[in-house]
Every structure is written in C-alpha cells, then in structure tokens.
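Residue-level structural notes
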Amino acid sequence: MADRVALFRNDPMTHSNESRSDAPNLKIRIRQAIFNDVPTVVEFNAALALETEGKQLEPSRLQQGVKAVLDNPEHGFYLIAEDVHSRKTIGQLLITYEWSDWRNGVFWWIQSVYVHEEWRRRGVFRNLYQSVMEEARNKKTVAGVRLYVEKENRLAQQVYQELGLLLAGYHVYELDFV
C-alpha cells in the first residue's frame, strides 16, 4: 500500500503495506481540494456518474455544484489524493454533513468517491478513508461516518466491509427534481 502524507494538519501521516508489490514506492498525499482542482473534480464526478449509474451529467451544472462546495464550507469539503512524485490527482471524495438530533452530532457522509482507473486497487481509497476517519474521530461534533453505494457495485461493497463499515439497515428513497 501507499504511504500517506498530511491531510488537514501539517503533521505527517504514513501508512504502508509491504505485501502490495504493485505499489511499493507509491506515496499518496491527501489534502483538501482548492479551486485549481475544480476541472479534475468535475471530470472525476462525470466519470463516476457514467461508470456507476450510466448517467451523463450536465457539465456546467456539475461545475457549479463543485464550486458551491468550495465556496460554502457548510456544504462539505472535497479531499484529493495525489501521487506525491508526479503530483497527479488520482482520487477524490466528498464529505457532506447530516445533523442527528438523536445523537446531538453530525454524521459525515462520504460521497463522490472516485479513483482514477489506473490507480485502483493500490490503496488510494483506503488512504482517503483513513484520513477521513482520523479527522472525524478527532472532532467531538462528529457522531459517525456514513456512505451509500449502488446495489450492484459489489467490489465497492467488499472494500467498505473490509474497512469495517457495517450495513446500516436503511433503504434510501428519493425524488430527484433535477
């Protein structure tokens, strides 16, 4: 697995797994997205929607949505995974918030998870996830972490279970107005 570099603070965080022969020298830096990341986040979100749901997203609406998160921290924040050596963005996720009156705290929802195809199965998501979990556990207002996954995405479900996430027992219902 890859080494992990700082997330929100300046203290270094590293994680490695010597048994992964396909990524022995991979170093991943996890950081919050900035406005220069908008084109890549838009590209990754469009690829994610097409790959997982067969949906073609409208580019200008998507770009406005990504910018809205960066302009309004109350909406959430994006994390970017980049290869330290090439400085190439190789993965992302979005954290949004849900208030829980039952727990008097906030659930962080992991959304818009995307790892570039060339970098999959090399520890990129694991590093993003571990960074989220470390930061969430350090914030007293965070009650827990949740995510949803497409029913047919068995590989993602397996990864989430291996990381210790549990099936919550809820169904998600929606009315989409856009």
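The coordinates are above.
Residues numbered from 1 in each chain as written. Predicted model: local features only at pLDDT ≥ 70, side-chain atom pairs only at ≥ 80, totals over all residues. Heavy atoms only, no water.

**Regarding the pairing of strand 5 (residues 105-115)**
To keep it simple, the criterion reads: Only protein chains enter the accessibility calculation, which uses a 1.4 Å probe; a residue is then buried when its area is under 20% of its type maximum, exposed when over 50%, and partly exposed in between. The numbering of helices and of strands both runs from the N terminus, where a helix is a DSSP run of H or I of at least 4 residues and a strand a run of E of at least 2. We call two strands paired when DSSP finds no fewer than two bridges between them. Call a crossover right-handed when, viewed with both strands pointing away from you, the route from the first strand across the helix to the second goes clockwise.
Of all 11 residues making up strand 5, nine are buried, and the element is well covered by its neighbours. Two elements, strand 4 (residues 89-100) and strand 5, share nine bridges in a ladder whose sense is antiparallel. Residue Trp99 lies in a different strand from strand 5, and its bridge partner there is Val106. Hairpin connection of strand 4 to strand 5: four residues between the antiparallel strands, including Asn104 at a positive phi of 50 degrees. Looking at chain direction, strand 5 and strand 6 (residues 142-147) are connected through five bridges and run parallel. Across the sheet, the residue bridging to Trp109 is Arg146, located in strand 6. Where the polypeptide runs from strand 5 across helix 3 (residues 124-137) and back to strand 6, its parallel neighbour, the crossover connection is right-handed.

**Remarks on the environment of Ser100**
What counts, and what does not: When checking whether two residues touch, look at their non-hydrogen atoms; a contact exists if any pair is within 4.5 Å. Within 3.5 Å is the distance limit for a polar contact, defined as a pair of N or O atoms, with the added protein rule that one can donate a hydrogen and the other accept it, and that residues adjacent in sequence qualify only through two side-chain atoms.
Following the sequence through the fold, Ser100 ends up in strand 4. Ser100 sits 42 residues away from Val142 along the chain, and the two C-alpha atoms are 9.7 Å apart. The contact partners of Ser100, leaving out residues within four places of it in the chain, are Gly105 and Phe107. A polar contact is formed between the side chain of Ser100 and the backbone nitrogen of Arg103, at a distance of 3.2 Å.

**Brief notes about a nonpolar patch on the surface**
Rules: Patches here are clusters of residues that have more than 30% relative accessible area and form no salt bridge, with a 9 Å joining cutoff for like charges and a 5 Å cutoff for nonpolar side chains (Val, Leu, Ile, Met, Phe, Trp, Tyr). Each accessible area is a Shrake-Rupley estimate made with a 1.4 Å probe; only the visible protein chains count as cover when residues are assessed. By definition here, a salt bridge exists when the distance from a side-chain nitrogen of Lys or Arg to a carboxyl oxygen of Asp or Glu is within 4 Å.
Together, Leu175, Phe177 and Val178 line one region of the surface with nonpolar side chains, adding up to about 440 Å² of accessible area. Overall, the relative accessible area of 77% leaves Phe177 in the exposed class.

**Focus on the nonpolar core**
Convention followed: Definition used in this section: a nonpolar core is a set of buried Ala, Val, Leu, Ile, Met, Phe, Trp, Tyr and Cys residues joined via side-chain atoms within 4.5 Å.
If you look at the biggest cluster of nonpolar residues, it comprises 29 residues, and the most contacted ones within it are Leu93, Trp108, Ile110, Val124 and Phe125. Listing elements by their share of this core, those giving two or more residues are strand 2 (27-32), strand 3 (77-83), strand 4, strand 5, helix 3, strand 6 and helix 4 (154-162). For this core, the leading source of residues is helix 3, giving seven residues. Excluding residues that lie within four positions of it along the chain, Val124 makes contacts with Ile28, Ala81, Ile90, Gly91, Val115 and Trp119.

**Some details on the environment of Trp99**
Relative to the assigned elements, Trp99 resides in strand 4. Under the relative-accessibility criterion, Trp99 is labelled exposed at 52%. For Trp99, the residues in contact, after removing those within four places along its chain, are Asn104, Gly105 and Val106.

**Things to note about the environment of Val84**
Along the chain, Val84 turns up in the loop between strand 3 and strand 4. A relative accessible area of 32% means that Val84 is categorised as partly exposed.

**Digging into the pattern of salt bridges**
Enumeration over the complete set of coordinates arrives at eight salt bridges. A salt bridge links Glu53 to Lys55, with the nearest nitrogen and oxygen atoms 3.2 Å apart. Since its relative accessible area comes to 40%, Glu53 is described here as partly exposed. For the salt bridge of Lys139 with Glu135, the shortest nitrogen-to-oxygen distance reads 3.6 Å. Overlapping salt bridges, with partners in common, bring together Arg29, Arg31, Asp37 and Glu82 in one network.

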